[in-house]
Amino acid sequence: MMKRSTRSQKTNVHKNVEIAKVDTDSLSEESSITHLEELSNEVIYEIFEFLDYFHVYQSFFNLNTRFQNLLTCSNLPIKVNTSSISRSNFENYYTDIIIPYQHRIISLSIRHLFFDCDISVHTILSKFIRLETLILEHISPEYIENVLNDIASLSNLSSLVIIVDGDVENENECLLQIFRLPTLKYCQISLRELCKYGSLPFATNENSPIEQLVIKHFIYSHNIENLLSYVPQLRRLSLDYSKDQYIKTQHNHSITLNYLTHLFLKLNEVSFDEFEHLIKNFFCKTQVLHLDVKIDGTFYDDNRWEQLILSHMPLLRVFDIRIDNRYHRIYDSQLKLFNSPFWLQRQWFFDQQDYYGTIFYSTNPYRRKEYTIEQKINPQTDLDYQITNLNSVRHACIVDEIALNNCIYRFPNATDLTLKCISLEKLNEVMTTLQHIIPWNNLTKLEITNDKTSLEILIQVLPLIRNLITVKLDHVVVDTKDFVAIRKRANFQLAANANIIRNLTVQQINEVEEAKLLTILCPRLQHFTITKISTLYG
């Protein structure tokens, strides 16, 4: 059996693999050309490390006996990612690699596409004895119980992602099974439950080794204390936290998470009093706080913030907040209170956007990863209209054409763009303005949420933004049924020839012909997901 080369040999890979420069005018027998077959097994294994294992299998498994042996007679770890595999290719991959070499698989990523297969990886999870990373995305709730039972025996599992589409029967039981995994360090879960009346029991002698926990479904106030009792080793925590309207919250324990430094909280209808209680009882060691608050005006009291931070968050060094309160406005006099020496000394700065209420947010450019251009800029709070680069922003969302025209910010490093409620009639104007705000060549991901004009907007945008890899459309509606005529349009053909889109997601289409039209518009597609098809006729 061939052993892999040591890590020190990696530095010699480039010396062993040289691309010969061939003089096309005088190609002679002395020309030196290195073929892949001439490389040593050690060098080939090094090359394989940089490739997706399915692509290695697809390219080399049936090439010749030597390469087939390289794949089968090896201890090379295998990482399986089904998101890049069609159903037909998956069946061969499953038979040739996954089943016979399951003991070599260290990473497994499965999307919902393969959970309804007769041969699905999730049915043999307990046999992946070397598995370290498991990612299960958009799976049906009916599978979650068997999955959690199967992975309970995996002694090397350190990273787990489970995103369930739909409601699970017993969220608390699922959490308990996850907390009992003996080597888990990172966990990201979304386990929505329709009715939440029960609570987790308080942990007495069960402690999870989880250090990073991301929970994307709502955790209600009555359950937070008991949940945290299971994870004393936490270093990073991200929660969607909501007040429970039906169960009175009683916190009987004070839990100190001594290792927790990074806290990401989304608060839904939670008052400052309740938030203050959370900090005092659970999160006083926090160094980095990212806070997203919805629908509560009690977070605008700068004095209460100062007292809370000074008394109960002495280690806090990064303070990033966004308060979305569409029902109340914060006035300039209130905003100025956040310009006191307390905030300025820490270099924590804030701004607001007014639109049927107020969005109050941190402006520190080194922290902000997303920015929404939503309404007219307030000249009194936006640096007197000085053009400012927000270098940290990676995702820009445009909701309003007027706001775009008045935007004083530039996003030189943005790669993701969302167009929300942009009218087709004003699209040319929007794109003209946009090219001065975001470098088009940087953009690789686009989302369009217009209900009726998403497809037409996409057709017009594609020749302008040519490096898009991923596109998401909300609802595709085609007014005419003459799909052939649409395909023959000059702008459609220009868009089809110009784009390199490989991933396309559509939330809803009305008929299959619209899906076919999209595959013609994006001829280089590798992944195409349709969430819902709603037939208009019957």
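Residues numbered from 1 in each chain as written. Predicted model: local features only at pLDDT ≥ 70, side-chain atom pairs only at ≥ 80, totals over all residues. Heavy atoms only, no water.

Draft legend 1. Layout of the pattern of salt bridges. All chains considered together, the criterion is met by nine salt bridges. As a salt-bridge pair, R192 and D167 come within 2.6 Å of each other at their nearest N and O atoms. With R192 in the loop between β5 (186-190) and β6 (212-220) and D167 in the loop between β4 (159-164) and α7 (171-179), this residue pair connects regions lying 25 residues apart in the sequence. Its relative accessible area of 44% is what places R192 among the partly exposed residues. The partner of R304 in a salt bridge is E276, with the nearest N and O atoms 3.0 Å apart. Here R304, found in helix α10 (residues 302-312), pairs with E276, found in helix α9 (residues 272-282); they are 28 residues apart in sequence, far enough to count as distant. A relative accessible area of 26% places R304 in the partly exposed class. When salt bridges that share partners are traced, they join K185, E211 and R235 into one network. (Salt bridge = Lys/Arg side-chain N within 4 Å of Asp/Glu carboxyl O. Helix = DSSP H or I, 4+ residues; strand = E, 2+ residues; numbered from the N terminus. Buried < 20%, exposed > 50% of the residue type's maximum accessible area, 1.4 Å probe, protein only.)

Draft legend 2. Molecular detail of the side chain of D302. If you trace the backbone, D302 turns up in helix α10. Among buried charged residues, D302 stands out as having no salt bridge; its nearest opposite-charge side chain is R304, 10 Å away. When sequence neighbours within four positions are dropped, the list of residues in contact with D302 reads L337, F338 and W343. (Lys, Arg positive; Asp, Glu negative; His and termini not counted. Contact = heavy atoms within 4.5 Å.)

Draft legend 3. Inspection of α7 at higher detail. Across the nine residues that make up α7, a large majority, eight, are buried. Taken as a whole, α7 has its buried residues at E171, N172, C174, L175, L176, Q177, I178 and F179. Buried residues in α7 make contact with α6 (144-151), β4, β5, β6 and α8 (224-228). Residue N170 occupies the N-cap position of α7, its side-chain oxygen lying 3.2 Å from the main-chain nitrogen of N172. (Polar contact = N/O pair within 3.5 Å; in protein donor to acceptor, adjacent residues only side chain to side chain.)

Draft legend 4. Representation of the environment of I162. For I162, the position within the fold is in strand β4. On the accessibility criterion, I162 (0% relative accessible area) is buried. Along the primary structure I162 and L148 are separated by 14 residues, whereas in three dimensions their C-alpha atoms are 10.0 Å apart. With residues near it in sequence (within four places) discarded, I162 still touches L136, I139, I144, L148, Q188, I189, S190 and L191.

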